[in-house]
Amino acid sequence: MFRLILVTALLSLTLINDIQAQKSEFLKGVNLAGAEFGEGNLPGNYGSDYIYPNEEEIDYFTDKGMNVFRIGFRWERLQREQFAELHQTELSRMNSIVNYATSKGAYVLLNPHNYSRYYGEIVGQGGVPRDAFADFWAKVAEVYKDNPNVMFGLVNEPHDMSTEVWKDNANAAIAAIRETGAENLITVPGNGWTGAHSWNDNWYGTPNAQAMLEITDPIDNIAFEVHQYLDSNSSGSSQTCVNSTIGSQRLEGFTEWLREHDRVGFLAEFGAASNSTCNAAITDMLEYLEDNKDVYMAWTWWAAGPWWGNSYFLSIEPYSNGDDKPQMALLEPYLDGAVSTSMGNDKTLPTEISLNQNYPNPFNPTTQITYSLTEPAEVTLTIFNSLGQEVAQIINGRQAAGTYTVPFNGDNLTSGLYMYRLQTNEQTITRKMMLIK
């Protein structure tokens, strides 16, 4: 009997240590969208209505230093009818990208992009019993319970329901997952689109700050998932950010809730356009998360994925020629060991601040600008026309020491002479470039 008790205690201690280790590793990554597309045609046709991310994207972002991917999909595609077995063809598509990402040491947060609905009907309100939601997650957990790098995000952005209904749905799913023996981390979003800024509000019903205290997990391996954008209504639909510190302002109340109640947060969606105010706001938000790692475990930028193309202003999917999107330069200083160009085999840091001639030059309409920093600094990289008028600001934020290469697209400019200026705390360097169309 003593031996049985000892073994049980050791197993419990091992479980606790595994959970604590997972939560102590701060995760930074991106939403890879595509498998949730085409929600107007369910289950839809693979390759025309929706698509899964590919291995090249995993390679690109892990090479940048990212270590977590939030992968969206549709419940209706993975489980075509309530309580049915998982659709094996769809599961194989998911397995392919999940297994590849986790084989590289990254984490994957599975994200049924369903808003706590199934074929449009709210879970727990009539046509879709919460037992069906629990059954779905039990079946998914059986598939991935032996892969500790897979995390379960219960659903994307519940809304237009009572918070109590969502809370009960979440608890049912958590219980079903744990009954399979799965110990994977679970992220729980709040009601009302799970905005950090509205965590304490009641316009959507009982505030998340109150109802989410009733979320229970027998092994206490959960994180509370929030989304936060920086435009006027926190939707992420506008390219205009409110101000340069709006990110930290909107996270503040949620952060206080986490700390007061000894909970863990996961910022699963955030993003902004590339302009001076938004760049400063993103840097402010990232600095805030760095300063509050005691209650946050991860962030994932919205978004990337094979079908966004170059026009979606929030996408950090690289350009078709492989060049980085401008927002990537804001994220890289916060990615462990990530510098956007090689520093040599010995990883030697630059010995002087420099701004290279853009390449190609002349250009039409894209070019790349490379610069080096000897130490962490507040950096702006700005483009001016021949009259000295600012036409674009590519970088505005704090960056680590290293060498950076950022793309510039002059598609909206006329042919002519332009200047680009690198400004840090210590130095200002200006060079000329020629756009020829």
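Above this note sits the structure.
Going along each chain's sequence as written, the residues are numbered from 1 onward. Predicted model: local features are reported for residues with pLDDT of at least 70 only, side-chain atom pairs are reported and counted for 80 or more only, and whole-chain, interface and lining totals are derived from all residues. Hydrogens and water molecules were not included; the side-chain quantities draw on all heavy atoms of the structure.

A.B. asks: Describe in detail the overall build of the protein, supporting the description with residues and values.
C.D. replies: Each helix is a run of DSSP H or I of at least 4 residues and each strand a run of E of at least 2, with the numbering of both proceeding from the N terminus. Each helix and strand in the protein was counted, giving 10 helices and 17 strands. Since a compact globule built from 437 residues should have a radius of gyration of about 22 Å, the 23 Å found for the protein is in line with a globular shape. For the C-alpha atoms alone, the extent of the protein along its principal axes is close to 75 × 50 × 40 Å. Per-residue accessibility, obtained with a 1.4 Å probe over protein chains only, is compared with the maximum for each type, and a residue is labelled buried under 20%, exposed over 50%, and partly exposed between these values. The buried share of the protein, reckoned over its 437 residues, is 57%. The contacts of the protein with a sequence gap of at least 6 include a subset with a gap of at least 24, amounting to 74%. The method behind every accessible area is Shrake-Rupley, applied with a 1.4 Å probe, and residues are considered shielded solely by the protein chains displayed. By element, 48% of the accessible surface of the protein is carried by carbon and sulfur atoms, the whole surface being about 17,900 Å². The globule rule is 2.2 Å times the number of residues to the power 0.38, and the radius of gyration it is compared with is taken over C-alpha atoms. Here, residues are in contact when the closest pair of their heavy atoms is within 4.5 Å.

A.B. asks: I'd love a proper account of helix α9 (residues 276-291), names of residues and values included.
C.D. replies: Look at α9: 23 Å from first C-alpha to last across 16 residues, which is about the 22 Å you get at 1.5 Å a residue. For α9, the complete set of buried residues consists of C278, N279, A281, I282, T283, D284, M285, L286, Y288 and L289. Considering only its buried residues, α9 is in contact with α8 (246-261), β9 (265-269), β10 (296-304), α10 (328-331) and β14 (390-399). One less than the number of residues in a helix, times 1.5 Å, gives the span that helix is expected to have.

A.B. asks: So what's going on with the sheet that holds β10? Residues and values would help.
C.D. replies: Strands qualify as paired when DSSP identifies two bridges or more between them. A barrel is described by the order of its strands in space; here eight strands give the closed sequence β1-β2-β3-β6-β7-β8-β9-β10, paired in parallel fashion. Averaged over all pairs of adjacent strands, the angle between their axes in this sheet comes to 25 degrees, without regard to strand direction. Pairing between strand β1 (residues 27-35) and β10: five bridges, direction parallel. Counterpart to L27 in the pairing with β10 is A298. Whenever a helix is involved, its axis is fitted only over the stretch in contact; in every case the axis is a line through C-alpha atoms, and angles between N-to-C directions fall within 0 to 180 degrees. Across the sheet, helix α5 (residues 130-144) lies against β2 (68-73), β3 (107-112) and β6 (150-153), angled at about 170 degrees from β6, the strand it touches most. α8 rests against β8 (222-227), β9 and β10 of the sheet, and its axis sits at about 145 degrees to β10.

A.B. asks: Kindly report on the environment of T245, identifying the contributing residues and their values.
C.D. replies: In this structure, T245 sits in the loop between β8 and α8. For T245, a relative accessible area of 33% gives the class partly exposed. Separated by 120 residues in the primary sequence, T245 and Q125 have C-alpha atoms spaced 40 Å apart.

A.B. asks: Provide a residue-level description of the sheet that holds strand β11 (residues 354-355), including the pertinent values.
C.D. replies: Adjacent strands of a sheet pair through backbone hydrogen bonds, lying either parallel or antiparallel. Spatial ordering of the open sheet is given by β11-β12-β15, a layout of three strands whose pairing is antiparallel. With one partner strand each, in any of the chains shown, β11 and β15 (402-409) form the two edges of the open sheet. In terms of strand pairing, strand β12 (residues 366-373) meets β15 through eight bridges, oriented antiparallel. Directly across from T370, in β15, lies its bridge partner T405.

A.B. asks: Tell me about the nonpolar core, residues and numbers included.
C.D. replies: Nonpolar side chains in soluble globular proteins generally cluster together in the buried interior. F61, L110, F152, L154, V188 and W299 are the most contacted members of the largest nonpolar core, which totals 94 residues. Excluding residues within four positions of it along the chain, V188 makes contact with L154, W166, A170, I174, M212, I215, A223, F224 and E225. If you look at the next biggest cluster of nonpolar residues, it comprises 23 residues, including A329, I369, Y420 and L435. Grouping buried Ala, Val, Leu, Ile, Met, Phe, Trp, Tyr and Cys residues that are joined through side-chain atoms within 4.5 Å yields what is termed a nonpolar core.

A.B. asks: An account of the pairing of strand β16 (residues 416-423) is requested, with residue identities and associated values reported.
C.D. replies: Looking at chain direction, strand β13 (residues 377-385) and β16 are connected through six bridges and run antiparallel. Within β16, the residue paired with T380 across the bridge is Q423. As paired elements, β16 and strand β17 (residues 428-435) share eight bridges and run antiparallel to each other. The residue bridging L417 from the neighbouring strand is M434, located in β17. Where β16 hands over to β17, the hairpin turn is made up of four residues, counted between the paired strands.

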